[in-house]
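Listed below are the residues making up each chain.
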Amino acid sequence: MLRQTTLSIFAFFAPVFAVLYWLTIPLGEWQYVAHGQAVVMIGAAISVIGFLRTCIWVDETGITERGFFGRVTTFDRDQVASVVALELYQSGAIDTHPQLFVTGHDGQLLVRMRGQFYSQGAMDTVADELGVPVVRVPDPMTLTELNRLRPELLYWFERRVTGRVARDPEAGADLGV
């Protein structure tokens, strides 16, 4: 993910800045372009650092997540009720990525591990270390299906109003397990 994002940023900004330098050097106004390029590079460096610092760890007290923006969230072991593991189709693709959802006793999402950022092995380690029931959904799901069945597992920007079903209080009962 980091490599693809870095290459995408470079592929977009390299020609843009090359053209801007080509147009502004004869006029002597290239310093503005250099300042703009510095801002873009600093933003990209901050993003890379944020990505590299993102992590999740489990210890004897519970599970802790340091997010992209540096926010650290900790949940005690007694707050964790279950883990839901499934394969989620990507939008407009036939590929799936593993997803791991650590949920509380009320079914709300505590921590989410996405296959784009974490390996299957890392997800399995977290599920094993927590020592709570693991619900493994056998068939891959689309984002729309997950949103209809368990919208509380998704981030706020992924939720859409759909024909949702009433949630069964039994963990994983509505996920086809």
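The structure we're discussing is the one just above.
Residues numbered from 1 in each chain as written. Predicted model: local features only at pLDDT ≥ 70, side-chain atom pairs only at ≥ 80, totals over all residues. Heavy atoms only, no water.

(A) Broad picture of the environment of Met41. One can find Met41 in helix α2 (residues 30-53). Judged by its relative accessible area of 53%, Met41 is exposed. Along the primary structure Met41 and Phe13 are separated by 28 residues, whereas in three dimensions their C-alpha atoms are 9.8 Å apart. (Helix = DSSP H or I, 4+ residues; strand = E, 2+ residues; numbered from the N terminus. Buried < 20%, exposed > 50% of the residue type's maximum accessible area, 1.4 Å probe, protein only.)

(B) Structural view of the environment of Arg114. Here Arg114 lies in strand β6 (residues 109-114). Ignoring any residue separated from it by four or fewer positions in sequence, one finds Arg114 in contact with Pro98, Gln99, Met123, Tyr155 and Glu158. (Contact = heavy atoms within 4.5 Å.)

(C) Representation of the sheet that holds β6. Spatially, four strands are ordered β6-β5-β4-β7 in an open sheet, and the strand pairing comes out mixed. The sheet terminates laterally at β6 and β7 (134-136), the two strands that pair on one side only. Averaged over all pairs of adjacent strands, the angle between strand axes in this sheet comes to 20 degrees, irrespective of strand direction. Here strand β4 (residues 80-89) pairs with strand β5 (residues 96-104) via nine bridges, running antiparallel. Following the sheet pairing, Val80 is matched in β5 by Gly104. The strands touched by helix α3 (residues 120-130) within the sheet are β4, β5, β6 and β7, with β5 carrying the most contacts at an inclination of about 20 degrees. (Pairing = 2+ DSSP bridges. Axes fitted to C-alpha atoms, helices over the stretch in contact; angles between N-to-C directions.)

(D) Just the nonpolar core, in detail. Judged by nonpolar contacts, the single largest core of 17 residues is most densely connected at Ile63, Leu100, Val102 and Leu130. Those elements giving two or more residues to this core turn out to be β4, β5, β6 and α3. Here this core takes four residues from α3, the largest share from any one element. Other than its neighbours up to four places away in sequence, Leu100 contacts Val83, Val84, Ala85, Val111, Arg112, Met113, Met123, Val126 and Ala127. Formed by 12 residues, the second largest nonpolar core is a distinct cluster that contains Val84, Leu86, Met141 and Leu149. (Core = buried A, V, L, I, M, F, W, Y, C linked by side-chain atoms within 4.5 Å.)

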